[in-house]
Amino acid sequence: MASTAIPNLPSLRRMNTSATAESSPSTAAGSPIDTPRHSPSSTSLSSMSSLEDVKEPSYGKLIDTYGNEFQFPDYTVNDIRNAIPKHCYERSGLRGLSYVARDIASLATTFYIFHTFVTPEYVPSTPVRAMLWALYTVMQGLFGTGLWVLAHECGHQSFSPSKVLNDTTGWICHSALLVPYFSWKISHGKHHKATGNMERDMVFVPKTRQEYASRVGKLVHELNELTEETPIATFIHTVGQQLVGWPMYLVANVTGHNYHERQAEGRGKGKVNGYFSGVNHFNPSSPLYEAKDAKLVLLSDLGLAIAISILTYLCRTYGFSNMAVWYFAPYLWVNHWLVAITYLQHTHPSLPHYSGESWNYVRGAAATVDREFGFVGRNLLHGIIETHVLHHYVSTIPFYHADEATEAIKPIMGRHYRADVEGGALGFLKSIWKSARWCQWVEPSEGAVGEGKGVLFFRNRNNLGVAPLKVTATKARNF
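Residues numbered from 1 in each chain as written. Predicted model: local features only at pLDDT ≥ 70, side-chain atom pairs only at ≥ 80, totals over all residues. Heavy atoms only, no water.

*Asks:* In this structure, what is going on with the sheet that holds strand β1 (residues 60–63)? I would like to understand it.
*Replies:* Strand order in the open sheet formed by three strands is β2-β1-β7, with antiparallel pairing between adjacent strands. Because the sheet does not close on itself, it has two edges, and the strands there are β2 (69–70) and β7 (447–448). (Pairing = 2+ DSSP bridges. Helix = DSSP H or I, 4+ residues; strand = E, 2+ residues; numbered from the N terminus.)

What follows is the structure, encoded as structure tokens:
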């Protein structure tokens, strides 16, 4: 595993930072810019003494799934921002629109070529035509995902300096892909403000040991006795995640946090994630939003209504079977890539997750990983896979400056910068399976003490990496 997570380095200093959960999609405005490091008071006599007299906080021994010792980051968001060249923050609306035009042209050209030439007249063989149209769905899925990523840039205001241009472009592009733009933008902004927080993060919050035990019909202390999950079970779960994970997230907040009772306006009382609970991305009264967001949620719904109306008309005009190939199959590929990208950005054996008490912004933003998807990732998908760590610290940097900015922050982050690029594009695809096998639930390290008990790492029942804690029935209630 090619990773920059290096074990066995000296302890780093603790920092306390918190960020409030807001609806803004930009992490720049809501981020803690100056995260204080703990140091002796400059007004006390103790500050005159040797640094050896200063006791570092003790968290115990924290061990990730690979067996590497984990330490907390000791830099600040201000350190990150100051290391990035100023021109990396510059956004160009014209350049952004040129990429939108490129992706739309790619979609249109591909459709024209296949619709014109992949016909019985030019390709008499039915099996060959079927294979070519299957290739069409894959290609259109990649081009559509690229367009999705550009709308994602709009949501973060990294597309251009104009909020009107950003939101107009994002709303049109996402609506065409059946994404509720503003609703997603708000919840995604909250994800950025609470990444890695088990109680506030909005997507791919891992199961706790107790939740996993409940899912497989066991008690917490019985997980140690479970045999390896069968590969077919892993396969079925993974296929389901890749096929319907995205619509399930939009409709039922699947993989999002389930602490809606804490919603400040009281709209989460008695509500939990589910299909009929009102916790979704279409309901203005959903606890995912505040009252002030209602108009934007409705505007997102309007965009979807327009897109669905157009698709209905096209189905009636050209037939559902044609539309299934032209639009709906590529749409499923877009869903697949979206879920795969997000899942692998936040699921890795070296990544920590945090309880609310142990989390802060800097720690959470570092709990992500860059990967490599070769030409497809860097060109068709606009680098969203390769520069995600930077994106969680400064989300307003446009993707075409992200590589340079990533290189600039690596010396600041040091061992806390994580990248898994082994195997390139094929390695990225293999990581879907690897993560499903290695990362089944999170729990504290055996040697954790104090605040360290709120730092959780992935464990599994498949005899991969560090073994799960051996828990007695008496201690099980603590999970």
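*Asks:* Please clarify how the environment of I384 should be interpreted in this entry.
*Replies:* Inspection of the secondary structure assignment puts I384 in the loop between α12 (374–380) and α13 (388–393). Along the backbone, I384 and E372 are twelve residues apart, and their C-alpha atoms lie at a distance of 9.7 Å. If sequence neighbours within four positions are ignored, I384 has contacts with V149, H152, I341, Q345 and G377. (Contact = heavy atoms within 4.5 Å.)

*Asks:* Please explain the pairing of β1 as it appears in this structure.
*Replies:* The two faces of the sheet receive side chains in turn, since in a regular strand these alternate between them. Two elements, β1 and β7, share two bridges in a ladder whose sense is antiparallel. Residue pairing across strands places K61 opposite G447, the latter belonging to β7. Of the strand pairs in this sheet, β1 and β2 are connected by two bridges, and their pairing is antiparallel. Among the inter-strand pairings, I63 is bridged to a residue of β2, identified as E69. Linking two consecutive strands that pair antiparallel, namely β1 and β2, is a turn of five residues; a positive phi of about 95° is found at G67 within it.

*Asks:* How should I be thinking about the packing of helix α4 (residues 126–155) against helix α6 (residues 181–193) in this particular structure?
*Replies:* Between two packed helices, what matters for the description is the angle formed by their axes and the separation of those axes. Where α4 contacts α6, the axes come no closer than 10 Å and their chain directions differ by 65°. Regarding α4 and α6, the two cross each other, and that crossing is right-handed. The segment α4 lies against α6, with W148, A151, H152, C154 and G155 engaging Y181, W184, K185 and H188. Grouping the amino acids of the contact of α4 with α6 by side-chain chemistry returns five nonpolar, three polar and one charged. (Axes fitted to C-alpha atoms, helices over the stretch in contact; angles between N-to-C directions. Left-handed = near helix turned anticlockwise from the far one by under 90°. Nonpolar A, V, L, I, M, F, W, Y, C, P; charged D, E, K, R; others polar.)

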